Amino acid sequence: MSLEPVRVPNGFNIVPPPGWDTIPLQGGTRDAIQRIVRKSVSQLPAGFPKDDVPKARLQLTKELKRTVRQARNSDGLTLYLPVERMHGMIIPASFVASEPLAAPTGKNIEAEAVLIDLARDAEDASLRQLDGTAAVRTLQKLPADPDKGVEVPSWRVQYTVPIPDSAPAQWLTFSFSTLVAPNMDAEFTETLVELFDAVMTTFRWSYA
């Protein structure tokens, strides 16, 4: 009797919310930024001064490049962010899928043990299922950090999920953050967090 070979996922799929777009961080980044800028400029209000369009395009490009740098500094693989206005505003939120984290070479680390440690150390943690794989969801409020250009606090939600049958053990992380601006009410922020949770229910492993 022969045993079937173990199949290890080589990727994943996620369905972003309507009005969101993706920026790959390891190739095709420039083209994605240009596409998003073109689309955003085409959606400017009818009365927007034509002389200010180049300035708006330049400012948006600058902000996108800064967001990309931050995502790359966190070992980001793919950046997801809103590109269409909601109630007249661009939502101050984004989430990043990071490159797989691997256990140190030579160490036999159980994937579930890492999840237990994460849940134990976090102030707000819960167990979730992502396409049949146990994952940990953590929630924390981060203070403002003017030195890094972050002038207001933010909420961060992170999902950590082990890659099934990976050897050595590997984990994927998905980190969502939204700014807590003075003019945003708590209910709206909670809605954005719930939106990210809903997105994560669309997570599926890829074996292609």
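Going by the structure above, here's the rest.
These notes cover the structure that comes with them. (Residues numbered from 1 in each chain as written. Predicted model: local features only at pLDDT ≥ 70, side-chain atom pairs only at ≥ 80, totals over all residues. Heavy atoms only, no water.)

Considerations on unusual backbone geometry
In this chain, Ala 167 is followed by Pro 168 through a cis amide linkage whose omega measures 0°. With respect to the helices and strands, Pro 168 occurs in the loop between β8 (154-162) and β9 (170-179). A positive phi angle is found at Asp 75, which is not glycine, with a value near 60°. Inspection of the secondary structure assignment puts Asp 75 in the loop between α2 (53-73) and β3 (76-82). For Asp 75, a relative accessible area of 44% gives the class partly exposed. (Helix = DSSP H or I, 4+ residues; strand = E, 2+ residues; numbered from the N terminus. Buried < 20%, exposed > 50% of the residue type's maximum accessible area, 1.4 Å probe, protein only.)

Considering the packing of helix α1 (residues 29-42) against α2
Contact geometry of α1 with α2 gives a least axis separation of 10 Å together with a crossing angle of 140°. Here α1 lies oblique to α2, going by the angle between them. The element α1 and its partner α2 pack so that their crossing is right-handed. In this structure, α1 contributes Thr 29, Ile 33, Ile 36, Val 37, Ser 40 and Val 41 to the contact, and α2 contributes Val 53, Arg 57, Leu 60, Thr 61, Leu 64, Lys 65, Val 68 and Arg 72. Along the lines of polarity and charge, the residues of the contact of α1 with α2 split into 8 nonpolar, 3 polar and 3 charged. (Axes fitted to C-alpha atoms, helices over the stretch in contact; angles between N-to-C directions. Parallel < 35°, antiparallel > 145°, perpendicular 65-115°, else oblique. Left-handed = near helix turned anticlockwise from the far one by under 90°. Contact = heavy atoms within 4.5 Å. Nonpolar A, V, L, I, M, F, W, Y, C, P; charged D, E, K, R; others polar.)

Considering the pairing of strand β7 (residues 133-142)
Across 6 bridges, the pairing between strand β6 (residues 125-130) and β7 is antiparallel. Looking at the pairing, Leu 130 lines up with Thr 133 of β7. Here 7 bridges tie β7 to β8, and the two strands are oriented antiparallel to one another. Across the sheet, the residue bridging to Leu 139 is Val 157, located in β8. (Pairing = 2+ DSSP bridges.)

Notes on α1
Given a rise of 1.5 Å per residue, 14 residues ought to cover 20 Å, and the 20 Å separating the end C-alpha atoms of α1 matches this to within 8%. When we look at burial in α1, the residues that qualify are Thr 29, Ala 32, Ile 33, Ile 36, Val 37, Ser 40 and Val 41. For α1, the buried positions fall inside an angular range of 160° around the axis, keeping them on one side. Residues Asp 31, Arg 38 and Ser 42 are exposed on α1 and point more than 90 degrees away from its buried face. (Expected span 1.5 Å × (residues − 1). Arc of directions from axis to C-beta.)

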